[in-house]
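The lines below spell out each chain.
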Amino acid sequence: MRHEPCKHNLNGEVTFRTENDLAAESLQELADTYEGLHPEGDFEAVAEGPEVRVTLRDVNLDGKLFVEALHRFAGPRTLEGRVDVGSFREQAQEQLVRVLFEKGETWVQHPMLWS
């Protein structure tokens, strides 16, 4: 059986602090080479000293894989921002989720809780 690539559509912005000099570059490579596909959407990971800012607009990338990578690179209690995880396929609003990062904690929200 052939593995079908995930069709997640990621949008949002996340910042964190890190001691890993290659964090931004590694995240950029993850997005640019995901599933061997040509990059889709706008993904930008920029480091300014120890702070990394990641901006996503209609990016085709597995949401779980991306969140795991953020946790791997981020220093303790430094993750801030949010990522909306949708699909490039048509879907009901109830199937969307938001991953929210506050003071290093990670929360998953249902659309009815977005404000």
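Structure's up top.
As the structure is a computational prediction, the values presented were derived from the model and not from experiment.

Caption draft 1: Geometry of the pairing of strand β1 (residues 8–17). Bridge count between β1 and strand β4 (residues 80–87): eight bridges; the pairing is antiparallel. Following the sheet pairing, Asn11 is matched in β4 by Asp84. Of the strand pairs in this sheet, β1 and strand β3 (residues 51–60) are connected by eight bridges, and their pairing is antiparallel. The residue of β3 that forms the bridge with Arg17 is Glu51.

Caption draft 2: Local environment of the environment of Ser87. Here Ser87 shows up in strand β4. If we ignore the near neighbours within four places in the chain, the residues touching Ser87 are Lys7 and Asn9.

Caption draft 3: Representation of helix α2 (residues 63–73) in the model. Residues of α2 that are buried include every one of Gly63, Phe66, Val67, Ala69, Leu70 and Phe73, and no others. One side of α2 carries all its buried residues, which in axial view fall inside an arc of 160°. Those residues of α2 that are exposed and angled more than 90 degrees off the buried face are Lys64 and Arg72. In this fold, the buried residues of α2 make contact with β1, α1 (23–33), β2 (42–48), β3, β4 and β5 (97–102). Residue Asp62 occupies the N-cap position of α2, its side-chain oxygen lying 2.8 Å from the main-chain nitrogen of Lys64.

Caption draft 4: Inspection of the sheet that holds strand β6 (residues 105–109) at higher detail. Overall, antiparallel pairing links the six strands, which are arranged β2-β3-β1-β4-β5-β6 in an open sheet. Each of the sheet's edge strands pairs with one partner strand only, and the pair in question is β2 and β6. Each strand axis lies, on average, 10° off the axis of its neighbour in the sheet, ignoring direction. Helix-sheet contacts for α1 involve β1, β2 and β3, and the interaxial angle to β2 is about 170°. Sheet strands touched by α2: β1, β2, β3, β4, β5 and β6. Its angle to β1, the strand with the most contacts, is close to 5°.

The rules behind the values
Residues numbered from 1 in each chain as written. Predicted model: local features only at pLDDT ≥ 70, side-chain atom pairs only at ≥ 80, totals over all residues. Heavy atoms only, no water. Pairing = 2+ DSSP bridges. Helix = DSSP H or I, 4+ residues; strand = E, 2+ residues; numbered from the N terminus. Contact = heavy atoms within 4.5 Å. Buried < 20%, exposed > 50% of the residue type's maximum accessible area, 1.4 Å probe, protein only. Arc of directions from axis to C-beta. Polar contact = N/O pair within 3.5 Å; in protein donor to acceptor, adjacent residues only side chain to side chain. Axes fitted to C-alpha atoms, helices over the stretch in contact; angles between N-to-C directions.

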